[in-house]
Amino acid sequence: MPTLVQDIIDQAYGLSSKNRPGAIANEGTELVRVVYRALRKAFSEGKKHNRNFYGKKADVAFDAGVGGWARPDEAEMIVRIQTPALAEVVVVPINQRDVEAGGRKAVYEWGQVFFPGGNAGDPTNEVLTFFYSGQPRALTNVSGDPAGTLDPLWPEQFNDILILEVARYLARKDGRANELAVMDSELDEWYGLYRDFLQCSTGNLVKGYDHAGNVHTSQVVPA
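The numbering scheme is per chain: residues are counted from 1 as the chain's sequence reads. Local features in a predicted model are, by the rule used here, given only for residues with pLDDT of at least 70; side-chain atom pairs are given and counted only at 80 or more, and totals for whole chains, interfaces and linings are based on all residues. For the side-chain quantities, the full set of heavy atoms in the structure was used; hydrogens and water were omitted.

Trainee: Would you mind showing me how to read unusual backbone geometry here?
Mentor: Excluding glycine, most residues fall at negative phi; most peptide bonds, likewise, are trans. Following aspartate 145, the chain continues into proline 146 via a peptide bond in cis, with omega recorded as 10°. Numbered from the N terminus, helices here are DSSP runs of H or I no shorter than four residues, and strands are runs of E no shorter than two. Following the sequence through the fold, proline 146 ends up in the loop between strand E7 (128-134) and helix H3 (159-173). Even without a glycine there, the phi angle at leucine 86 is positive, about 75°. Three exposure classes are used, based on accessible area relative to the maximum for each residue type with a 1.4 Å probe and protein chains only: buried under 20%, partly exposed in between, and exposed over 50%. For leucine 86, a relative accessible area of 57% puts it in the exposed group. Phi is positive for glutamine 112, close to 65°, though the residue is something other than glycine. In this fold, glutamine 112 is placed in the loop between strand E5 (105-110) and strand E6 (113-116).

This is how it looks when you write it as structure tokens:
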């Protein structure tokens, strides 16, 4: 049975006899945001260890108004772009737009929009499919589907991560600093298990290339 936000909140209350349901924090707004933020944090951590695990995709139409394809709102990390004919579209730097001239189809990203590379054969106005490590769907209620139900991609065996995040929030707000050290230690242990699971979740992957598994990002690394 899918986990409700209310399930997470109720179990968080149970971690301390000093919790007073409905008195320390408003469940329908405040604690829903806490659960969602904890889930966003877990999904964001997930992309660092297994970019396929929270994989989602979207067909994006060319926007003539801006001259390109808008980055999908829920994308944490773009993993692949392809044409309707399944041809890969690579992303090149804005100052190296010709790096794939005569080779693979290319676009460049600027201001969260992907623009045609400008070389012969590059995509122009077709629909492109974006594959990406995604964010969890929004939570706005303590129950109901989908507004109050955890994203179906979330592995529920790690619900303790969310429960502990809510319990920590309640303890901090109620001035119970003595409880935080124990909760922090437990949370660290659960995150360790979570990372191990993500890194080893599929061990029989067969590759024809890219064996190193390096991920190239737009991060600026100091010299």
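Trainee: Honestly, the environment of methionine 77 in this entry has me stumped. Any pointers?
Mentor: Residue position: methionine 77 is located in strand E3 (residues 75-82). Methionine 77 gets classed as buried once you look at its relative accessible area, which sits at 16%. Residues methionine 77 and phenylalanine 131, spaced 54 residues apart in sequence, show a C-alpha to C-alpha distance of 8.7 Å.

Trainee: Before we go on, may I ask you to explain the pattern of salt bridges in this structure?
Mentor: A side chain of one charge can pair with a side chain of the opposite charge when the charged atoms of the two come close. Each salt bridge in this description consists of a side-chain nitrogen of Lys or Arg and a carboxyl oxygen of Asp or Glu lying within 4 Å of one another. Going through the model one piece at a time under the given rule, you end up with 17 salt bridges. The salt bridge involving glutamate 30 is made with lysine 173; its shortest N-O contact spans 2.7 Å. Of this pair, glutamate 30 sits in helix H2 (residues 27-49) while lysine 173 is found in helix H3, placing the two residues 143 residues apart along the sequence. For lysine 173, a relative accessible area of 45% puts it in the partly exposed group.

Trainee: Explain the nonpolar core here, please?
Mentor: Nonpolar side chains tend to gather and get buried jointly when the protein is soluble and globular. Among buried residues, the Ala, Val, Leu, Ile, Met, Phe, Trp, Tyr and Cys ones that are joined through side-chain atoms within 4.5 Å form a nonpolar core. Grouped together as the largest cluster of nonpolar side chains are 35 residues, with contacts concentrated most on Leu31, Val35, Leu139, Leu150, Trp154, Val166 and Tyr194. Put simply, the parts of the chain that give this core at least two residues each are helix H1 (5-13), H2, H3 and helix H4 (177-200). For this core, the element with the most residues is H2, which contributes 9 residues. Ignoring anything within four residues of it in the chain, the contact list for tryptophan 154 reads Leu39, Ala42, Phe43, Tyr54, Asn159, Ile161, Leu162 and Tyr194. If you look at the next biggest cluster of nonpolar residues, it comprises 10 residues, including Val60, Trp69, Leu128 and Phe130. We call two residues in contact when some of their heavy atoms are within 4.5 Å.

Trainee: Explanation requested: the packing of aromatic side chains in the structure shown.
Mentor: Working definition: an aromatic ring pair is given by the centre-to-centre distance plus the angle between the planes. Each Phe, Tyr or Trp ring (for Trp, its six-membered ring) is paired with any other whose centre lies within 6.5 Å, and the angle between the two planes then decides the class: stacked below 30 degrees, edge-to-face above 60, tilted in between. Tallying each qualifying case throughout the model produces 11 aromatic pairs. With a centroid separation of 5.8 Å and an interplanar angle of 75°, the aromatic rings of tyrosine 191 and tyrosine 194 are classed as edge-to-face. Pair noted here: tyrosine 191 and tyrosine 194 are both in helix H4, with a separation of 3 residues, about one helical turn. The exposure class assigned to tyrosine 191 is buried, which follows from its relative accessible area of 6%. Taken together, the aromatic side chains of Phe43, Phe53, Tyr54, Trp154, Phe158, Trp190, Tyr191, Tyr194 and Phe197 make up a single cluster linked through ring pairs.

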